[in-house]
Amino acid sequence: EDWKDRGAAVIVKKEVDASGKPVYRTVKKGVQDFSFGRILGEGSYSSVYLATDRQSLKEYAIKVLEKKHIIKEKKVKYVNIEKNTLNRLTDHPGIVRLYYTFQDEQSLYYVLDLCSGGELLGILKRTGTFDVECTRFYGAQILDAIRYMHSRGVIHRDLKPENVLLDENMHVKITDFGTAKLLPDPRDLSADSGLSGPLSLQGDSRSASFVGTAEYVSPELLMDKSASKASDLWAYGCIIYQLLAGRPPFKGGSEYLTFQKIVNLDYDFPPGLPPSARDLIERCLVLEPARRLTTEHIMNHEFFDGQPFGRDLWRTKAPRLRPYVPP
Ligand SMILES: Nc1ncnc2c1ncn2[C@@H]1O[C@H](COP(=O)(O)OP(=O)(O)OP(=O)(O)O)[C@@H](O)[C@H]1O
Ligand SMILES: O=C(O)[C@@H]1CCC(=O)N(CCc2ccc(Cl)cc2)[C@H]1c1ccccc1Cl
């Protein structure tokens, strides 16, 4: 192959025809272009493998879904949502990148960024809690990624520490978009498209079916099933609380008891939490979605005073992991 593979979705092969004339053939990447390594993890409908591109030797995570299982579990819609969502979120360092997809008789394949640092939940369990510096760094990276997602009309709807992965530099990569809600793409909502309908249509997408993970689900999703961008900020408040406290704010002995705690806003802070962190969490964990802080408000909140966002945030070296020690 004269064409160096640059992680492109297709490879151009240079060959010669019978008369010796050079001809170029484009072929889509496929299973044979990778050497599959160990299993990185398993989902309900998927297995994720470490894989190396045979040409560029670049390492990826390849998520493999078995078609038979997807069809049996009626998850074909999920497959398309994950692909369409990831194709909308292509240029942010805090979102797992989908390079390309392909399929064979039995399976679907998603070639993704390799997140060799594992899940945020995993490192939180090892340290117990995060100190303020770590909470600010990871809180800022997660927020920066949410802000980008929302700007592209994507509501994640299942944000939680298990879905915040870490790359080789221990930087955040948000994953698991199969249950996301796609609003009309703001980039298509140019004035003349007439698509810029009533804001309520865009700001508050009705969702009859999906509910996230018990501890992080927002009260509005439990009460009347309407997910909006504010639902992601409720989950964000739960995550910040969990980084500092070592456990989520709403955790009952059963899912039902957890839901009761959520709709009654029944949670307490462990002693010694910094006042600015308490204030930030309190302003995210607000029952009325419209009264919750937005990503812009949170970036300007006192808890993040002096914390760079944007490019600088992604160039910063991840802080050493230290547990939170009350003063
Ligand atoms: N890009 C990645 N790099 C490294 N590990 C990954 C990557 N994506 C997923 N994993 C790991 O593989 C496992 C399965 O992930 P996957 O997204 O397929 O299923 P899941 O969403 O975790 O499970 P479920 O579908 O039940 O919600 C998870 O434990 C996850 O940590
Ligand atoms: O949307 C696409 O990029 C293609 C379009 C052509 C195609 O056939 N597929 C697979 C569609 C599909 C979805 C679910 C099952 Cl169980 C089987 C096939 C899509 C696909 C291929 C690979 C991985 C994911 C997807 Cl959605």
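It should be emphasised that the depicted structure is a prediction, and the values quoted were computed from it without experimental measurement.

Novice: I'd like to hear about the sheet that holds strand S6 (residues 98-103), residue by residue, with values.
Specialist: Strand order in the open sheet formed by five strands is S3-S4-S5-S7-S6, with antiparallel pairing between adjacent strands. Strands at the two margins of the open sheet, each flanked by one partner only, are strand S3 (34-42) and S6. Averaged over neighbouring strand pairs, the angle between their axes works out to 25 degrees when direction is ignored. By the bridge criterion, five bridges tie S6 to strand S7 (residues 107-112) in an arrangement that is antiparallel. If you follow Tyr100 over to S7, its bridge partner there is Val111. Sheet strands touched by helix H2 (residues 76-88): strand S5 (59-66), S6 and S7. Its angle to S7, the strand with the most contacts, is close to 25 degrees.

Novice: Can you lay out the side chain of Gln141 for me, pointing to particular residues and giving the numbers?
Specialist: Position of Gln141 among the secondary structure elements: in helix H4 (residues 132-151). On the basis of relative accessible area, Gln141 is assigned to the buried category, the value being 0%. Not counting residues up to four positions away in its chain, the partners in contact with Gln141 are His171, Val172, Leu313 and Trp314.

Novice: Report on the site of ligand 2, specifying residues and quantitative values.
Specialist: As a structural note, the neighbourhood of ligand 2 is formed by Lys67, Ile70, Ile71, Val76, Val79, Asn80, Lys83, Thr101, Phe102, Gln103, Leu108 and Tyr110. Separating an oxygen atom of ligand 2 from a side-chain N or O atom of Lys83 is a distance of 3.0 Å. Calculation on ligand 2 without its partners gives an accessible area of 560 Å², and the protein chains cover 68% of this total. Residue contributions to the shell around ligand 2 peak at four residues, all from H2. Tallied by class, residues from the shell around ligand 2 come to seven nonpolar, three polar and two charged.

Novice: An account of the site of ligand 1 is requested, with residue identities and associated values reported.
Specialist: Near ligand 1 lie 14 residues; those nearest to it are Ser44, Ser46, Asp113, Glu119 and Asp176. Between ligand 1 and the protein, one listed contact pairs an oxygen atom with a side-chain N or O atom of Ser44 at 2.4 Å. Within the side chain of Asp176, an N or O atom sits 2.8 Å from an oxygen atom of ligand 1. Alone, ligand 1 offers 610 Å² of accessible surface; in the complex the protein occludes 81% of this. Of all the secondary-structure elements, those providing two or more residues to the shell around ligand 1 are S3 and S5. The dominant element in the shell around ligand 1, judged by the number of residues it contributes, is S3, at three residues. Along the lines of polarity and charge, the residues of the shell around ligand 1 split into five nonpolar, four polar and five charged.

Novice: Which residues make up helix H9 (residues 275-284), and what values go with them?
Specialist: Turning to H9, its buried residues are Ser276, Ala277, Leu280, Ile281 and Cys284. One side of H9 holds all its buried residues, which, seen down the axis, span an arc of 135 degrees. Where H9 is buried, its residues contact helix H7 (229-245) and helix H10 (295-299).

What counts, and where the lines are drawn
- Residues numbered from 1 in each chain as written.
- Chains lettered and ligands numbered in written order.
- Predicted model: local features only at pLDDT ≥ 70, side-chain atom pairs only at ≥ 80, totals over all residues.
- Heavy atoms only, no water.
- Pairing = 2+ DSSP bridges.
- Helix = DSSP H or I, 4+ residues; strand = E, 2+ residues; numbered from the N terminus.
- Axes fitted to C-alpha atoms, helices over the stretch in contact; angles between N-to-C directions.
- Contact = heavy atoms within 4.5 Å.
- Buried < 20%, exposed > 50% of the residue type's maximum accessible area, 1.4 Å probe, protein only.
- Near = heavy atom within 4 Å.
- Polar contact = N/O pair within 3.5 Å; in protein donor to acceptor, adjacent residues only side chain to side chain.
- Areas by Shrake-Rupley, 256 points an atom, 1.4 Å probe, with all protein chains shown as cover.
- Nonpolar A, V, L, I, M, F, W, Y, C, P; charged D, E, K, R; others polar.
- Arc of directions from axis to C-beta.

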